[in-house]
Amino acid sequence: MKRRISLGVAAGLMLFPAASFASGAPPIKVSASNKVPACVTPGRLTAFLKARNDRLDPRFEKIAVEYMRRGEELGLRWDYTFYQMVLETGYLTYRGDRGRRGDVSPSQNNFAGLGATGRGNPGESFADMKTGVLAHLQHVLLYAGETVENPVAERTRKVQEWGILASMKKRAHGRVTFAHLAKKWAPGSDYVAGLQGVERKFQEDFCNGPDPHPEWVAEARGVAPVTTVAAVSERAPDKITGDELARRAIEDGKAEGNTRMSGLGAPGMAKAATPSYSLLNAPSDTAQAAPQATEPAVLAPSANAQKPANGKRSRFMTASAAGSLAKAEIPKVAPPHKQGCRVWTASYGGLKALIIRVRSDKGTDYTVLDVNEGAEKREADAYIAAYAKGGEIAGEFATQTQALDKAFELCPEK
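Conventions adopted
- Note on numbering: residues in each chain are counted from 1, in written sequence order.
- For this predicted model, a pLDDT threshold of at least 70 governs which residues receive local features, and a threshold of 80 or more governs which side-chain atom pairs are given and counted, while totals over whole chains, interfaces and linings are taken from all residues.
- Heavy atoms from the whole structure form the basis of all side-chain values; hydrogens and water molecules are not counted.
- Secondary structure elements are defined from DSSP: runs of H or I of at least 4 residues count as helices, runs of E of at least 2 residues count as strands, and each element is numbered from the N terminus.
- Buried, partly exposed and exposed residues are distinguished by accessible area as a fraction of the type maximum, computed with a 1.4 Å probe on protein chains only: under 20%, between the cut-offs, and over 50%, respectively.
- Note on definitions: a residue-residue contact is assigned when non-hydrogen atoms from the two residues lie within 4.5 Å.
- Shrake-Rupley sampling with a 1.4 Å probe provides the accessible areas, and residues are treated as covered by the protein chains on show and by no other component.
- Note that a disulfide, as used here, is simply two cysteine sulfur atoms within 2.5 Å.
- Aromatic pairs are defined between Phe, Tyr and Trp rings, using the six-membered ring for Trp, whenever the two ring centres lie within 6.5 Å; interplanar angles under 30 degrees are classed as stacked, those over 60 as edge-to-face, and all others as tilted.
- Buried Ala, Val, Leu, Ile, Met, Phe, Trp, Tyr and Cys residues that are joined via side-chain atoms within 4.5 Å together make up what is termed a nonpolar core.
- The term polar contact refers here to a pair of N or O atoms within 3.5 Å; inside protein, the definition further demands a hydrogen-donor-capable atom paired with an acceptor-capable atom, and it admits residues adjacent in sequence only when both atoms are side-chain atoms.
- The predictor attaches a confidence to each residue, and that confidence, scored 0 to 100, is pLDDT.
- Note on pairing: two strands pair once DSSP finds at least 2 bridges between them.
- Throughout, an axis means a line fitted to C-alpha atoms (over the contacting stretch in the case of helices), and angles, computed between N-to-C directions, take values from 0 to 180 degrees.

### Observations concerning the overall build of the protein
Okay, so step 1: Along its length, the protein carries 14 helices and four strands.
Okay, so step 2: A burial count over the protein gives 52% of its 414 residues as buried.
Okay, so step 3: A fraction of 67% describes how many contacts in the protein between residues 6 or more apart in sequence connect residues 24 or more apart.
Okay, so step 4: With an accessible surface of roughly 19000 Å², the protein has 50% of that area assigned to carbon and sulfur atoms.

This is the structure in structure tokens:
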């Protein structure tokens, strides 16, 4: 599909010569072997943008959050799609070499030059930033060879109707990469070198630095922040309970900006699912004890749980489901048969994930626990002590999606 290169793209290519990079680019769709690097977070990407555009429009402050949110929903390498946005818009300045304005203006919320085919044609406009991000990601999804239902962009609808990308998917044997996209998107240019150049600069300057907004990861994933944690009285060091250890891990996370934990579905969580004590089962000597069920009940897996990348229905408790149980009477559900197993999810708000396995005479529970890099052991120990007595770490993964895939491999649906 021929189109002109925006001024932002031209500027990017001048900054990052093709000779500096290896050939090729990652596949558009994520997989176990093709994942977004753990260091790529909305907070770091925004810092990267601001370092090169000190007049970033406030409307775009959380654009990286939206790329992550929608990108994960669609199963895309949203980091590379974000880098493409950077090329197309000149770091959202919408200016190219020597400060010249391109055909597209910031008010259009068009982050990929959709419909801007040159000769002054400004292309499409979208109502707001979120809609514009969705339009871009849907268009990239189309390049991956998938059908886009009710696309936001008219350009996406037209290209889909024309069917001009079918041959590219065939040549790629179904594994379309950003290198394939580049040849269609901007023929005659070294577009993929520009993408790789942006990636390299981000990794060199920001991947190893602190995340200025770690809470944005939870926001992108729709995880509600925790606002109330049970107070625990002072205890001698040799009498610290599992609940206290878990509380301290959460408090440590708060100091680092990571205050989320949701969907705690491991054994014992039934007693903690109350409106005021959504995280911990407060010890009896706290100033305000949490209500407890007289008979421990098993939390029913959510019927509305999202499906992981492998398409299997997730049997884990979502944050919203846990909240609804907190407000209502906790249902008593018959325990699984002796050889049964269940999959749950819990989160300290980090990008990495562990599988916590707990075996009992009733079966096996696998909890996919999101943890923060550098605090994996501390947070796992705290979770096991408070909610998964006798549990063990059964695997460590770069993303929750990979961990869920493995969990459902260990605990297949009947």
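Having seen the model, we can carry on.
### Thoughts on the state of the cysteines
Okay, so step 1: Considering all chains together, one arrives at two disulfides under this definition.
Okay, so step 2: There is a disulfide in this structure between Cys39 and Cys207, and the S-S distance comes to 1.7 Å. Here Cys39 is found in the loop between α1 (7–15) and α2 (42–52), whereas its partner Cys207 is found in the loop between α9 (191–206) and α10 (215–220), with 168 residues between them in sequence. One exposure class covers both Cys39 and Cys207, and it is buried.
Okay, so step 3: Linked covalently through their sulfurs, Cys341 and Cys411 form a disulfide whose S-S length is 2.0 Å. The sign of the S-S torsion, about 95 degrees, decides the handedness of the disulfide formed by Cys341 and Cys411: right-handed. Highlighted residues: Cys341 in strand β1 (residues 340–347) and Cys411 in the segment after α14 (400–410), separated in sequence by 70 residues. Considered together, Cys341 and Cys411 belong to a single accessibility category, that of buried residues.
Okay, so step 4: Disulfides within the protein link the bonded cysteines, taken in sequence order, as 1-2, 3-4.

### Focus on the packing of aromatic side chains
Each aromatic ring pair is specified by the distance between its two centres and by the angle formed by the two planes.
Okay, so step 1: Under the criterion given, the structure shown has 11 aromatic pairs.
Okay, so step 2: Both rings, one in Phe48 and one in Phe202, keep their centres 5.6 Å apart while their planes meet at 75 degrees; by these two values the pair is edge-to-face. You can see Phe48 sitting in helix α2 and its partner Phe202 sitting in helix α9, a full 154 residues away along the chain.
Okay, so step 3: Take Phe202: its relative accessible area is 0%, and that puts it in the buried class.
Okay, so step 4: When the centroid spacing of 6.4 Å and the interplanar angle of 10 degrees are considered together, the rings of Phe202 and Phe206 count as stacked. Residue Phe202 and its partner Phe206 are both found in helix α9; the two are separated by four residues, about one turn of the helix. Phe206 shares its class with Phe202; the two are buried.
Okay, so step 5: These aromatic residues form a ring-pair network of at least three members: Phe48, Tyr80, Tyr83, Tyr91, Phe178, Phe202 and Phe206.

### Some details on the nonpolar core
The nonpolar side chains of a soluble globular protein tend to be buried with one another.
Okay, so step 1: Of all hydrophobic cores here, the largest spans 65 residues; its most connected members are Ile63, Phe82 and Phe111.
Okay, so step 2: At eight residues, helix α5 (residues 129–143) tops the list of elements feeding residues into this core.
Okay, so step 3: If we ignore the near neighbours within four places in the chain, the residues touching Phe82 are Leu45, Leu49, Ile63, Ala64 and Tyr67.
Okay, so step 4: Counting 14 residues, the second largest nonpolar core, distinct from the first, contains Leu354, Val358, Tyr383 and Tyr387.

### Let's talk about the side chain of Thr81
Okay, so step 1: Following the sequence through the fold, Thr81 ends up in helix α4 (residues 78–89).
Okay, so step 2: Here Thr81 falls in the buried class, since its relative accessible area comes to 0%.
Okay, so step 3: Separated by 3.3 Å, the side chain of Thr81 and the backbone oxygen of Arg77 make a polar contact.
Okay, so step 4: Contact partners of Thr81, with chain neighbours within four places excluded, come to Tyr67, His136, Leu137, Val140 and Phe178.

### Thoughts on the confidence of the model for the protein
Okay, so step 1: Of the residues in the protein, 65% have a pLDDT of 70 or more, and the chain-wide mean is 73.
Okay, so step 2: A low-confidence stretch, residues 226–242 stays under pLDDT 50, and its non-local contacts, those more than four residues away or across chains, total 28 contacts.

### Notes on the side chain of Lys352
Okay, so step 1: Inspection of the secondary structure puts Lys352 in strand β2 (residues 352–360).
Okay, so step 2: The buried category is assigned to Lys352, whose relative accessible area is 16%.
Okay, so step 3: There is a polar contact of 2.8 Å between the side chain of Lys352 and the side chain of Glu396.
Okay, so step 4: Apart from residues no more than four positions distant in its own chain, Lys352 is found in contact with Leu369, Asp370, Val371, Glu373, Glu376, Glu396, Phe397 and Ala398.

### Notes on unusual backbone geometry
Okay, so step 1: Of note, the phi angle at Leu92 is positive, near 65 degrees, even though the residue is not glycine.
Okay, so step 2: Tracing the chain through its elements places Leu92 in the loop between α4 and α5.
Okay, so step 3: Its identity is not glycine, yet His173 carries a phi of approximately 55 degrees, on the positive side.
Okay, so step 4: Assignment of secondary structure puts His173 in the loop between α7 (166–171) and α8 (178–185).
Okay, so step 5: Judged by its relative accessible area of 73%, His173 falls in the exposed class.

### Remarks on the sheet that holds β2
Okay, so step 1: The four strands are arranged β1-β3-β2-β4 in an open sheet whose pairing can be described as mixed. Of all the strands in the sheet, just β1 and β4 (392–397) have a single pairing partner and so form its edges. The average undirected angle you get between the axes of adjacent strands in this sheet is 20 degrees.
Okay, so step 2: Pairing geometry for β1 and strand β3 (residues 363–371), over eight bridges, is parallel. Opposite Ala346, over in β3, you have Leu369 as the bridge partner.
Okay, so step 3: In this fold α14 packs onto β1, β2, β3 and β4, with an angle of close to 175 degrees to the strand it touches most, β3.

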